[in-house]
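Residue-level structure breakdown
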Amino acid sequence: MNQIETKNVNFRKIISKYSIILILIIIMVMCTIADSNFLTVNNLLNVCRQQSVTIIVALGEMALIICGALDLSAGSVIAFSGVLSVMSYKATGSMLLAFAVAILISLFINFLNGIMVTKFKAPAFIATLATQMVARGAALYITNGQNVYEIGDYTVVGQGSLGPVPIPVVFMLVIFLIVAYLMHHTRWGRSTYAVGGNAEAANASGINTNMVIMKAYLLHGVLVGIAAVLFMSRVNGGLPAGADGYEMDALTATIVGGTSFTGGIGTPWGTVVGAFVVGFLSNIMNLMTIDSYIQQMVRGAIIAVAVIWDIYSKSRNTYRKGK
Amino acid sequence: MGAENNVLELSNITKTFPGVKALDKVNFKLKKGTVHVLCGENGAGKSTLMKIIDGVYKQDEGDILINGQKVSIKDPLDAKKHGIAMIFQELSYVPDMTLEENLWLGNWPRKGPGIDWKYIRTYTTELLKKEGLPYQPDVKLRSLSVSDIQMLEILKAVSNDAQIIIMDEPTSAITNKEVDKLFAKIEELKARGASIIYISHKMDEIFRIADEITIFRDGRSIITANAKDITVDQVVEYMVNRKIENQYPKVETKVGKELLRVEHLTRNGVFQDVSFHLHGGEIVGFAGLMGAGRTETMRAIFGLDPYDSGSIFINQKQVTIKNVRQSIQNGIAMLTEDRRRSGIIPILSVRENTTLASLERIFTGGRLHPREEQKLVAESCEKMHVKTANYETPIQTLSGGNQQKVIFAKWLLCNPDVLIADEPTRGIDVGAKREIYNLMNQFALDGKGIIMISSELPELIGVCDRIYVMCEGHISGMLTRDQFSQEAIMQLAIAVHRNEEELAQ
């Protein structure tokens, strides 16, 4: 009797842990049936390229959400740091400098986010909403609201390929491996789960909770900086009004991928799979030429379902514990 | 005794949850105007039964009779209509609302589309006066103490004309003086004809107020007896189904060298001029009323809170402690007061909780060593007798006692010289308490020093070698084992009050 019970629970646990992969497979099968153009190398690589920027940002958001924080400024920071990166590339022709500029600016803004959240105890939602506005305003101000065009070879990192593999995908894969390593194999990674799970207990166990959150913002800063270069490169210019709402796409991928908004739960691979669930759904809707307004409604519904699932599965756990 | 005497009668109540039979054909009778105490280890089924009475759960089988009438209770609101009031272990109120708002919460009398505030004010003022409670109706609940709020919960029950009042460990967070106040109130309620179901682990309390006692074990009601006809030892025996020879297994240890000395430690307005010392092999108790500054002092020594002046010596060397990391490195560990709030990380596994304070031992050279972690966790949890299916289960699924043992295991891994335990046995059943005492003894036998804060005097007297008593932020005295008695401790705990009263006269 007991034996059966344990097995049953384990089985359920495995199902709930890997349910997102199951969902991804179901969606891919459905897409393949719905449209013959879906399961082609070209189309799949295209989705990968599109989702790369989202995934890179989403991995940063994931780290933040796991330790109980959040960032709403990512889209604006992509615009601001990306525009400056494009400008500095046009001035010097150095891609290295372009990356450095984007990363440093993004790092700086996320450093401010971190200071507000850790030092001044501002709610992450409000603090990063503020930097979102500041960064967007700054991007529009320095460009006078005009797009920066004629960016030459800046486009290679966003549009080029390494053999058959798009360069953004290469970036994405490398970053995924690094973030996965950081989350699961370093003291900081373990600490993020602890801080998000119960900050007070983490603190009482000698973990510097502020430092953990700050480091998550700095990691996110680097990722957003890289994402900025890839984004501007893919869209062929410095777009001060671009990447609008990218933080929301990233958050969607994160949540769909099983990261819990209450902190302490989430995995890098889940985030990547979550991004592809969203990406494939958008892709099939595009292929089937479904109205873009309806697409937006569908995306909203996906978030609702993901959040309800998260809360439902958790409340079932507490119920079981509660006897 | 006729049936009309039983205000509440439960017969053959059975409740099954997936995989567990929480209640198995339980019978229970509550007589009018009496206090009926329920005892039993955690998980024995007391809370489930109360939740069935309160309509939170529905029984699978069995009947509920109120005043001889068979009833079915759909939800807590329905229970209220049947005259049942539940005063929860964790009090439910909105801290930023006023007393009157909370008192009427969800039940506001209407006047047209709005709320009839005038009626509320008049009625509340009257009720407070009638019950002899010295509060203003517009005071914010945040500014009241736990015991004040508890009184209000009772007031709420009374104002609803409750005939059956259920109290689930009402004294777990209030001082002895406040307990007296509560018990006086209970006597008053009894005199009015209300009946009280009282759940508690504390033996001295139980025998002070109980008319009848029912003991639960493994989902069954084992025995119901008149309080006069049963002894503490018998109650404990029925609860755990084994003879507990000695509730406090004290072992003799060799007192070693001085591990910790604190001199004139002060945090302005919180604690002043606190000096004490601790040797290896010693268990030193800290007694005092709630708010006496015991927890605050220890939190400062552990680096959780700052202190303004004074010095801390560890192994005869002066140290400055600004944060928890430093104190851990200096060989101090602390089991904090509220296990759920600052002890465990509920969603993380037993493994992750165990290594939380010693991450530097498993993340070396910039990477995790999983096998090393497994080894450390297994060693330390086994030594602390943690009972768990495996180390990957979330800690929140363990019982309170086992969670506490995991926290002991966590600190064991840090190899501390000094272990501070703040209310280590609160909310833990009798069997697990004994195990916790044994673990503390084991620490002491290893030559470590232990500081134990507790509000249960019998526990301090049973476990400690010396007891410091704090009162209003000062140490008011120190007692050695031959001087131990509840009276001696209480006198020191209220010493300052008395001096002030004497001065005032």
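Residue positions are counted from 1 within each chain, in the order its sequence is given. Each chain is given a letter, starting from A, and each ligand a number, starting from 1, according to the order in which they appear as written. Local features in this predicted model are restricted to residues of pLDDT 70 or higher, and side-chain atom pairs are both shown and tallied only at a pLDDT of 80 or more, whereas totals for entire chains, interfaces and linings draw on every residue.

Residue and element names in this part refer to chain B. A score from 0 to 100, pLDDT tells how confident the predictor is in each residue. A residue-level look at chain B finds 94% of positions with pLDDT of 70 or above and a mean pLDDT of 86. Think of it this way: any DSSP run of H or I at least four residues long counts as a helix, any run of E at least two long counts as a strand, and we number them from the N terminus. Least confident of the elements in chain B is helix H19 (residues 495-504), whose mean pLDDT is 52; most confident is helix H12 (residues 350-354), at 96. This complex was scored by the predictor with a pTM of 0.78 and an ipTM of 0.86.

The partner chain A presents 24 residues to the 32 residues of chain B that form the contact. Looking at the side of chain B that touches chain A, the elements that each hand over two or more residues are strand E2 (20-31), helix H10 (324-329), helix H11 (339-343), helix H13 (359-362) and strand E20 (367-368) of chain B. Residue polarity follows a fixed list, in which Ala, Val, Leu, Ile, Met, Phe, Trp, Tyr, Cys and Pro are nonpolar, Asp, Glu, Lys and Arg are charged, and the others, Gly among them, are polar. For the side of chain B that touches chain A, the per-class residue count stands at 18 nonpolar, eight polar and six charged. Contacts here follow a simple rule: the backbone-placed C-beta atoms of the two residues must lie within 7 Å.

Residue and element names in this part refer to chain B. An ideal rise of 1.5 Å per residue puts 22 Å on 16 residues; helix H16 (residues 430-445) measures up with 23 Å between its terminal C-alpha atoms. With C-beta atoms placed from the backbone, the exposure class of a residue follows from how many other C-beta atoms lie within 10 Å of its own: 20 or more, buried; 12 or fewer, exposed; in between, partly exposed. Three or more residues of H16 are buried, namely Val430, Ala432, Lys433, Arg434, Glu435, Ile436, Tyr437, Leu439, Met440, Phe443 and Ala444. Looking at the packing, one finds that the buried side of H16 touches helix H8 (232-240), strand E15 (283-288), helix H15 (400-413), strand E21 (418-422), strand E22 (449-453) and helix H17 (457-463). Just past H16, the residue glycine 447 takes up positive phi, approximately 85°. By definition here, a helix of n residues has an expected span of 1.5 Å times n minus one.

All names here are of chain B. The source of the domain bounds is an automatic or database domain assignment. Along its sequence, chain B is carved into domain 1 (3-240), domain 2 (246-331 + 416-505) and domain 3 (342-415). Measuring from the centre of the C-alpha atoms in domain 2 to the corresponding centre in domain 3 gives 26 Å. Contacts between domain 2 and domain 3 engage eleven residues on the former and eleven residues on the latter. No other element matches H16, which puts four residues into the side of domain 2 that touches domain 3. Partitioned by chemical class, the residues of the side of domain 2 that touches domain 3 number eight nonpolar, one polar and two charged.

Bringing the sheet that holds E22 of chain B into the picture now. Residues and elements named next belong to chain B. Two strands pair if DSSP finds at least two bridges between them. Across the sheet, which stays open at both edges, the six strands sit in the order E18-E21-E22-E15-E23-E24 with mixed pairing between neighbours. Strand pairing shows two members of the sheet lacking a second neighbour, strand E18 (332-335) and strand E24 (474-480), which therefore form its edges. Across the sheet, the mean angle separating the axes of adjacent strands is 20° when strand polarity is ignored. One ladder, built from four bridges, connects E15 with E22; its direction is parallel. Within E22, the residue paired with valine 284 across the bridge is isoleucine 451. In this description, a line fitted to the C-alpha atoms serves as the axis of each element, helices being fitted only across the stretch in contact, and the angle between N-to-C directions of two axes falls anywhere from 0 to 180 degrees. Packing against the sheet, H16 makes contact with E15, E21 and E22, and its axis sits at approximately 150° to E22. Each of E15, strand E23 (466-471) and E24 is contacted by helix H18 (residues 486-493), which is oriented at about 35° to E23, the strand it contacts most.

Residue and element names in this part refer to chain B. Strand direction decides the pairing type here: E23 and E24, joined by six bridges, are antiparallel. Each residue of the ladder has a partner; that of arginine 466, found in E24, is threonine 480. Hairpin connection, E23 to E24: the antiparallel pair is bridged by two residues, and glutamate 472 has positive phi, about 50°.

Note on definitions: a nonpolar core is a set of buried residues drawn from Ala, Val, Leu, Ile, Met, Phe, Trp, Tyr and Cys, linked by C-beta atoms within 7 Å. Formed by 173 residues in total, the largest nonpolar core has its most connected members in Ile56, Val57, Ile78 and Ala227 of chain A together with Met440, Ile450 and Ile451 of chain B. The greatest single-element share of this core, amounting to 15 residues, is contributed by helix H10 (residues 209-234) of chain A. In terms of nonpolar packing, the next biggest core, distinct from the first, is built from 55 residues, Ala44, Met50, Ile87 and Ile215 of chain B among them.

Let us look at the sheet that holds strand E17 (residues 317-319) of chain B. Strand-to-strand pairing in sheets goes through backbone hydrogen bonds, with the strands running parallel or antiparallel. All names here are of chain B. Across the sheet, which stays open at both edges, the four strands sit in the order E14-E13-E16-E17 with antiparallel pairing between neighbours. The sheet terminates laterally at strand E14 (271-279) and E17, the two strands that pair on one side only. Here the average twist between neighbouring strands, direction ignored, is 20°. Set on the sheet, helix H9 (residues 294-301) makes contact with strand E13 (258-267), E14 and strand E16 (309-314); between it and E13 the angle comes to about 115°.

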